[in-house]
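Remarks on the overall topology
The lines below spell out each chain.
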Amino acid sequence: MDCFRLHKQLANGDPLFLTGVTFPSEYHASPETLVKLTVYDAKDKNQESSSLVGSATFSVGELLRAKDERLTLSLSSSASSVPRGIRAHGQNMKMSANAAPWYSDGACAAGTVVVSRLKMGEMEEVDVDHITTDVPSHKCPLVCESASHAGIDRENNPPTGPVFKNPICKVYRFQTEDSKWMLVREQMEECTLSFSVPKQLLSLYIQEDMSRVQDLRELGELSPHWDNLRKEVMTRYGGIISSYQETFAELDKITGRSFKPSCCKAQKSLQFIPINLHTQRMRVTCPKKTDAFYDIVTVGAPAAHFQGFKCGGLQRLLSRYEAEKKSFSTAYQCIYYSPQHTAKAQEVLSTMSLLQPLITSLAEQLLQAAQEHSCPGLRDALKNLSDKTEQFVHTLKDELVKSALLALHAARPGYVSKSQKQNPAQGGQHQGRVLQGAEQSPSPAQGLPGHSPATSTTDGTAMCNNVDGSQNPHPLMRGEGAPLKHQDSIPHHKEYDEEEWDRVWANVAKCLNCVIAMVDKLLEEDNSKQEPVPEQQQQQQQLADVIISHNPGTWKEQLCPLVTRLKECVMEVVEKARRGMTFVLLQEAACSIPQGFLLQQRRDVVFSQALAALACGFVMRLYAGMQDQGFLRQLHLVGLVAQFESLLSTYSEEIGMLEDMEVGISDLQRVLFQITEAQTDDFRDLQPLVCGRRDHFTVEVPLPRLVFQSLPAEIREGKPLRVFPVMFNVGINEQQTIAERFGDITLQERINQRNFETLEAYYKSLSEKLPLECLPSFQTQADLKELLETLGQNVVTKKRKNVEILWIAATICRRLNGIRFTSCKSAKDRTSMSVTLEQCALLRDEHQLSKDFFIRALDCMRSRLTQGDVGQWDDPEAGGPTDNKPASRHFYPIALLLVSSHLLVVWLILSLVFLLAKYQ
């Protein structure tokens, strides 16, 4: 172990140097193990060279046998020299779960060094004067430091999970108010999900878009106008697929890296990767108290840096897009569907893709149970089949499907030719007659949600029936202010059977009833005891008798025709509904060329970054709460709150980042988590898996078998687990000062108000379903309801840089067992400022950190160049050592911020005066 002596002008002339060493887990220390201490004299910490003071050697057994396990050793200058690299200190230290840290406790001019033993979890009675000196940098000693995975104390420290790697640990000693000493360990880790989740999402995006292209091909023959739109949309999808495949291939080439540094935030191949995604855990060991730990995830704001923010972020772009899409529908002569209808179409497609194979599988299970002549198996299979089939029918019993099939019929070439044959000489009057006929027969669109006969084209479904692409739009659609009756929105053809769809999906219910009747009949025959049959069961028995009379045989032989018919009806419904919903999405895509596709790509990028961060936080929180039954109950009964703390300003390009982040965090509401049992305990089998479509994703988190078996039954059975994302933003830098004085902060106010309502609704749901005693207890026993009221008051209060919003929101999140995230532009300066301040505040409020040590602890955590590490540090973003680079954990001094903002205002005023004088 190498120690370095710095020349400092101390008041007492006796400098204190504190450094530590531990033995790695693979190295089994014994009493005969020898430890060599080498002390250097470094006159300038920025210089690469130093002079040797001396060295000393001792055995572990000597230290253990010494009084109070403390040795005073004399330094020998004749010791053999060792490599003099200043940076060797930080790289050579290891920690393990079973090894106790050792630290050297002083190197003075007399040539002696004091070595003592210190165990995690044991407090040392040390005189205050022994630590405190007049130099601030020496007042908060760094006990030990590690940059190895062996630095995790796995016996006492809750595991962070199998998706974390490359931990960096620092351990400090701070004094409490009762003159005791606490041990504080910071552990920062990278997360493999930074790359694995975006890669899985890219694969799902590619599959979904390829499936969409295939569905468009299977729409069948369309009129020339619709066919041209379809080809253009398919070309756009092909471009997105090609771009995503190229990005996926580039990501697949990257090995070894676990996070994206901020210098790569605008790199195209890495645009789906979150910036600087890390986890930080602070573990506190205090006298006569249970160890406590506090987790936080730090990540750069989810935003599309590669696409830039010249035109704003997602929130502004989507609002503008929805306003302009109606005019696009007129220009492209296509149907305009509201966002609610588009979302419903995606939901129907997603539900069908899930339920159709499930119904087929359950039908096969029913036949298997019939073949085995198993009455319990038959009952269970029938119950599951009945539930899923009823859910399937309920999903498709929607007027949107019916109206979409009607519109698709009108887009067929046969529809146009028949109309022209009826009146070839008056083709220009065709629309008038169609609309007149439509007025006599109300459209199914009237039954759509949000529609009424008086609804204008801006609120409903409007269609320009120019299927050949050569005619002008209908006169009713030429002016934006011209009203269009809803019953005129979708054309009718007198030969189209509007009741066909009702009959198709109703056949599914009829087939299910036949299957139920047959199963009841078979079970009735198998029952040796004859019991009185109720009237309803008697009717089903009569129906089954009629069926059996034509199909005598075994159970499977009697059920097989009915089950086959059920599957055929389900498949027929799926095919029709898929064509109708694909046609709805075709209109959406056609009306949004090209803006809609660019927005979709931007939204995919932002969501990918947000989901990677959320999955990281969820895994960390899950492993930390594995032994907490109250947390597990909360997890499956209500879900978890994920609180994102944003420090972005509402000025310049950070406005666009904030708008991107708002939409990305909101889209996380479409994500569910599911706990599964891993096939093996191998590291690769414990990685989370992402599945689903853009409108709904599920993250499966595998757990080792023994851990999985200890979970509540509801979680083991695969119950979906919800996460409620909330986001609060308060800008804290000098740009926010400019925005508050001369700009607009309504975006920040709206975000905070909306997310406060979400957090309040979550608390209400939690208090109704779970006793608050299940929540964690803290020293500061502030009532949650009072905290929410205070947060609500601060949200509506007009106050500059109201950081109380962030403080209270973070406190509520921890009280609610939530997941904490902190973000700024790159998750460096502002983020580290916030994290370190929060950690010191937790030490003060929850662990009685001495008031005299608060600032010292804060400076110690924020300083990257601490005692015992006087050399250069590796900058992970620069890829190499930095020379006297400012620490990343330093607040901008408040006075400097105020002065710089005032100077900027003065400069602006003087510039304005100069320009006025020049042009006058």
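Residues numbered from 1 in each chain as written. Predicted model: local features only at pLDDT ≥ 70, side-chain atom pairs only at ≥ 80, totals over all residues. Heavy atoms only, no water.

A word on the overall build of the protein. Counting secondary structure elements, the protein contains 26 helices and 20 strands. Put simply, the protein has 920 residues, and 54% of those count as buried. Residue pairs in contact within the protein that sit at least 24 positions apart in sequence constitute 78% of those at least 6 positions apart. (Helix = DSSP H or I, 4+ residues; strand = E, 2+ residues; numbered from the N terminus. Buried < 20%, exposed > 50% of the residue type's maximum accessible area, 1.4 Å probe, protein only. Contact = heavy atoms within 4.5 Å.)

For Leu63, the location among the structural elements is in helix 1 (residues 60-65). On the basis of relative accessibility, which here comes to 0%, the residue Leu63 falls in the buried class.

Once that is clear, we can look at the packing of aromatic side chains. Ring pairs (aromatic) are described by centroid distance and by the angle formed between their planes. Tallying each qualifying case throughout the model produces eleven aromatic pairs. Geometrically, the ring pair formed by Tyr205 and Tyr244 is tilted, given 5.9 Å between the ring centres and 45° between the ring planes. With a gap of 39 residues between them, Tyr205 in helix 4 (residues 193-217) and Tyr244 in helix 5 (residues 224-253) connect regions that are remote in the sequence. No difference in accessibility class separates Tyr205 from Tyr244, as the two residues are buried. Summarising the aromatic geometry, the rings of Phe644 and Phe821 are spaced 4.2 Å apart at their centres and angled 5° between planes, so their arrangement reads as stacked. Of this pair, Phe644 sits in strand 13 (residues 640-646) while Phe821 sits in strand 18 (residues 819-823); the two residues are 177 residues apart in sequence, bridging distant segments of the chain. Overall, the relative accessible area of 1% leaves Phe644 in the buried class. An aromatic cluster is built from Tyr205, Tyr244, Phe272, Phe607 and Phe697, whose rings are joined through pairwise contacts. Over the ring of Trp181 we find Arg173; its NZ or CZ atom is 5.5 Å from the centre of that ring. A cation sits over an aromatic face here: Arg621 above Phe631, 4.3 Å from the ring centre. (Phe/Tyr/Trp six-rings, centres within 6.5 Å; stacked < 30°, edge-to-face > 60°. Lys NZ or Arg CZ within 6 Å of the ring centre and 35° of its normal.)

Summarising burial for strand 16 (residues 696-703): six of the eight residues are buried, a large majority. Of the pairings in the sheet, the one linking strand 14 (residues 671-677) to strand 16 comprises seven bridges and is parallel in character. Bridge assignment links Ile675 to a residue of strand 16, and that residue is Val701. Of the strand pairs in this sheet, strand 15 (residues 689-693) and strand 16 are connected by five bridges, and their pairing is antiparallel. When the sheet's bridge partners are listed, Leu689 is paired in strand 16 with Glu700. (Pairing = 2+ DSSP bridges.)

Turning our attention to the environment of Met282. Note that Met282 resides in strand 11 (residues 278-285). Residues Met282 and Gln839, 557 residues apart in the sequence, show an inter-C-alpha distance of 7.5 Å. With residues up to four places along the chain from it excluded, the contact list for Met282 reads Val184, Arg185, Ala292, Phe293, Tyr294, Gln839, Leu842, Leu843 and Met861.

Attention now moves to a negative patch on the surface. Residues Glu757, Glu760, Asp783, Glu786 and Glu789 make up a contiguous surface patch of negative charge. Among the secondary structure elements, those contributing two or more residues to the negative patch are helix 21 (746-769) and helix 22 (784-796). With respect to the helices and strands, Glu786 occurs in helix 22. (Patch = residues over 30% accessible without salt bridge, like charges linked within 9 Å, V, L, I, M, F, W, Y side chains within 5 Å. Areas by Shrake-Rupley, 256 points an atom, 1.4 Å probe, with all protein chains shown as cover. Salt bridge = Lys/Arg side-chain N within 4 Å of Asp/Glu carboxyl O. Lys, Arg positive; Asp, Glu negative; His and termini not counted. Charge placed at Lys NZ, Arg CZ, Asp CG, Glu CD.)

For helix 9 (residues 399-410), spanning twelve residues, the distance from its first C-alpha to its last is 17 Å, which sits close to the expected 16 Å at 1.5 Å a residue. Within helix 9, ten of the twelve residues are buried, which leaves it mostly tucked inside the rest of the structure. Buried within helix 9 we find Leu400, Val401, Lys402, Ser403, Ala404, Leu405, Leu406, Ala407, Leu408 and Ala410. (Expected span 1.5 Å × (residues − 1).)

Two elements in contact, helix 17 (residues 653-667) and helix 21, have axes separated by 11 Å at closest approach and are oriented at 20°. Taken together, the axes of helix 17 and helix 21 are roughly parallel relative to one another. In terms of crossing hand, the pair formed by helix 17 and helix 21 is left-handed. Facing helix 17, whose interface residues are Ile655, Leu658, Glu659 and Glu662, helix 21 presents Leu747, Arg750, Ile751 and Arg754. (Axes fitted to C-alpha atoms, helices over the stretch in contact; angles between N-to-C directions. Parallel < 35°, antiparallel > 145°, perpendicular 65-115°, else oblique. Left-handed = near helix turned anticlockwise from the far one by under 90°.)

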